Amino acid sequence: MNAPAIDHTRADRFLKLKDVMARTSLGSSTIYRRMKAGTFPKPKQLSEACVRWRESDIDKWMNDLPSAGAA
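Every residue gets a number counted from 1 within its own chain, in the order that chain's sequence is written. Where local features are concerned, this predicted model is filtered to residues with pLDDT of at least 70; where side-chain atom pairs are given and counted, the filter is 80 or more; whole-chain, interface and lining totals use all residues. The side-chain numbers reported here are obtained from all heavy atoms of the structure, hydrogens and water having been left aside.

Give me unusual backbone geometry: which residues, what numbers.
The phi torsion at S25 lies on the positive side, around 65°, for a residue other than glycine. Topologically, S25 is positioned in the loop between α1 (17-24) and α2 (28-37). Using a relative accessible area of 66% as the deciding quantity, one classes S25 as exposed. Helix and strand labels come from DSSP, where a helix needs a run of H or I of at least four residues and a strand needs a run of E of at least two; each type is numbered from the N terminus. Under the scheme applied here, a residue whose accessible area is under 20% of the maximum for its type counts as buried, over 50% as exposed, and between as partly exposed, the area being computed with a 1.4 Å probe on protein chains only.

Which residues make up the packing of aromatic side chains, and what are the values?
Only Phe, Tyr and Trp rings are paired, with Trp represented by its six-membered ring, and only when their centres lie within 6.5 Å; those with planes under 30 degrees apart are stacked, over 60 edge-to-face, the remainder tilted. With the rule as written, the count across this model stands at two aromatic pairs. Judged by centre distance (6.4 Å) and plane angle (65°), the rings of Y32 and W53 are edge-to-face. Of this pair, Y32 sits in helix α2 while W53 sits in strand β3 (residues 50-54), and the two are 21 residues apart along the sequence. When the ring of F40 is compared with that of W61, the centres are 4.7 Å apart and the planes differ by 65°; the resulting orientation is edge-to-face. Here F40, found in the loop between α2 and β2 (44-47), pairs with W61, found in helix α3 (residues 55-64); they are 21 residues apart in sequence, far enough to count as distant. Residue class for F40 comes out buried when judged on its relative accessible area of 5%. For W61, a relative accessible area of 14% gives the class buried.

Mind laying out the sheet that holds β3, listing which residues take part and the relevant values?
Any two strands are treated as partners once DSSP identifies two or more bridges connecting them. If you trace the three strands from one edge of the open sheet to the other, you get β1-β3-β2, paired in antiparallel fashion. Single-partner strands in this sheet number two, and they are β1 (14-15) and β2. Here β1 pairs with β3 via two bridges, running antiparallel. Its bridge partner being in β3, F14 is matched across the sheet by R54.

Set out below in structure tokens:
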């Protein structure tokens, strides 16, 4: 399944973890493990207890994934 193209005409949104999970079909443990490995976008710190991912960062990550069977 191809990721949607990035729409630069609309404002970037901040996504909660549950939104990132729904958008990527990844679980929270996988997201945090990939962040630690440097293979997934890190969130922005909005306050001491609040982090959010930029929608454009998630879109770019999804668009940059290799196609199945590509090596």
